[in-house]
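Chains, contacts and geometry: an overview
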Amino acid sequence: MLQNPKTIMHIQDPASQRLTWNKPPKSVLVIKKIRDASLLQPFKELCVYLTEENNMIVYVEKKVLEDPAIANDENFGPVKKKFCTFREDYDDISNQIDFIICLGGDGTLLYASSLFQGSVPPVMAFHLGSLGFLTPFNFENFQSQVTQVIEGNAALVLRSRLKVKVVKEHREKMTVQNGIEENGVVSTNIEKEVGKQVMQYQVLNEVVVDRGPSSYLSNVDVFLDGHLITTVQGDGVIVSTPTGSTAYAAAAGASMIHPNVPAIMITPICPHSLSFRPIVVPAGVELKIMLSPDARNTAWVSFDGRKRQEICHGDSISITTSCYPLPSICFRDPVSDWFESLAECLHWNVRKKQNNFAVEEEEF
């Protein structure tokens, strides 16, 4: 029994999360989908509005400005000179950005997440791509919408991310004499383990472990807080956030979870089992994925579709909920935006309505 039988659990209303500035924002990172000519004009209009009408410092990735349509535009030159530029994986801008504006599809939001391995500024995403599940804003009225965000008049949804640590056995190739492989062929190189390599990632959608180019089933063990809970035999397994539950996980048959729910979803990919259903575990647990000792082949892992790499025997992938969520600015509120995306982008529960019974006229 509870020590206090009158204890009540208070659940926060998702609509109560609001954007609050400690001081007026001065710098904004603008992320534009690369190699998309249709975004050039919206990009230019937005940057002019931010720099000339709001006097903001605009950060833009260097490769965006290398687009010939931007580089050769003389009218855009004075605005372009005001930009601060950076290069991915080279320049750290994490402490210089007040908020982010994305122009494109859901991939631009995932890319924005990857740029910030710690705290993430609020993200305002305009739907200028194909699907747009995570991009609730339309660009037609961007001036008034951006002004509302600058003034702090907006709702937020905190999208949880996954903290992922990959530990690899460092293997160094060396020449040996008379080395014989299992098939009897003379080998000139063997691998010697000389330490470990550790990599960390912040993931917004999902971690995918799959069989890669191999024709064999993937065979990976999944541990939860140190306990083996199952072995995945199939094409692979998806570990996703609630935000990622509407992406690859949904295509693999998982349930869709609202981003305010603190959870991690484990979804098998084409499991060779009739009873292997997706499961949801608490956000606080730590998952570890490793190749099974008797696995016939290696596995491959990717993080939000990027940084794809091979996982060998002895390597491990540890996953838990990150303490750095992504604050996504809402068009209306977290609940309305989510259900609207389900209906508009995924056509959730779209069906012709059943006709009612015709009322028969009374006989006289």
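For the structure, check the block above.
Described below are features of the structure shown in this document.

Quick notes on the rules
Residues numbered from 1 in each chain as written. Predicted model: local features only at pLDDT ≥ 70, side-chain atom pairs only at ≥ 80, totals over all residues. Heavy atoms only, no water. Helix = DSSP H or I, 4+ residues; strand = E, 2+ residues; numbered from the N terminus. Buried < 20%, exposed > 50% of the residue type's maximum accessible area, 1.4 Å probe, protein only. Contact = heavy atoms within 4.5 Å. Axes fitted to C-alpha atoms, helices over the stretch in contact; angles between N-to-C directions. Parallel < 35°, antiparallel > 145°, perpendicular 65-115°, else oblique. Left-handed = near helix turned anticlockwise from the far one by under 90°. Nonpolar A, V, L, I, M, F, W, Y, C, P; charged D, E, K, R; others polar. Patch = residues over 30% accessible without salt bridge, like charges linked within 9 Å, V, L, I, M, F, W, Y side chains within 5 Å. Areas by Shrake-Rupley, 256 points an atom, 1.4 Å probe, with all protein chains shown as cover. Salt bridge = Lys/Arg side-chain N within 4 Å of Asp/Glu carboxyl O. Arc of directions from axis to C-beta. Pairing = 2+ DSSP bridges. Phe/Tyr/Trp six-rings, centres within 6.5 Å; stacked < 30°, edge-to-face > 60°. Lys NZ or Arg CZ within 6 Å of the ring centre and 35° of its normal.

This brings us to the overall build of the protein. Helix and strand content of the protein: eight helices and 19 strands. Relative to its 364 residues, the protein shows a buried fraction of 46%. Intrachain contacts of the protein at a sequence separation of at least 6 include 71% that bridge at least 24 residues.

Another aspect to go through is the packing of helix H1 (residues 40-53) against helix H6 (residues 142-150). When two helices pack together, their arrangement is given by the angle between the helix axes and the distance between those axes. Axis separation between H1 and H6 bottoms out at 11 Å; the angle between their running directions is 45 degrees. With respect to H6, the axis of H1 lies oblique. With respect to the hand of their crossing, H1 and H6 are arranged in right-handed fashion. On H6, the residues touching Glu45, Leu46, Tyr49 and Leu50 of H1 are Phe142, Gln143, Val146 and Thr147. When its residues are assigned to classes, the contact of H1 with H6 shows five nonpolar, two polar and one charged.

The next point concerns a nonpolar patch on the surface. A contiguous nonpolar surface patch, about 280 Å² in accessible area, is contributed by Val335, Phe339 and Trp348. Mapping valine 335 onto the fold places it in helix H8 (residues 334-345). You can call valine 335 partly exposed: its relative accessible area is 35%.

Mapped onto the fold, glutamine 145 is located in helix H6. Ignoring any residue separated from it by four or fewer positions in sequence, one finds glutamine 145 in contact with Met124, Phe126, Phe137, Asn138 and Phe331.

Let us look at H6. Along H6, the positions that sit buried rather than exposed are Phe142, Gln145, Val146, Val149 and Ile150. Seen from one end, H6 has its buried residues packed into an arc of 140 degrees, which puts them on one side. The inward-facing, buried residues of H6 abut H1, strand E4 (99-104), strand E5 (123-127) and strand E19 (326-329). Positive phi appears at glycine 152, one or two residues downstream of H6, with a value of about 80 degrees.

With seven of its seven residues buried, strand E13 (residues 263-269) lies for the most part within the structure. Residues of E13 alternate between two faces, with Ala263, Met265, Thr267 and Ile269 on one and Ile264, Ile266 and Pro268 on the opposite face, all of them buried. In this structure, strand E12 (residues 236-240) lies alongside E13, joined through five bridges in antiparallel fashion. Bridge pairing in E13 links serine 240 to methionine 265. Two elements, E13 and strand E14 (residues 279-282), share four bridges in a ladder whose sense is antiparallel.

With that settled, consider the packing of aromatic side chains. Evaluation of the coordinates by the stated rule reveals 12 aromatic pairs. Here the aromatic rings of phenylalanine 139 and phenylalanine 142 are separated by 4.4 Å at their centres, their planes lie at 10 degrees, and the arrangement is stacked. Here the aromatic cluster, defined as three or more aromatic residues joined through ring pairs, consists of Tyr49, Phe126, Phe137, Phe139, Phe142 and Phe331. Cation over ring: lysine 44 sits above phenylalanine 76, and NZ or CZ is 6.0 Å from the ring centre. Over the ring of tyrosine 90 we find arginine 87, and its NZ or CZ is 4.6 Å from the ring centre.

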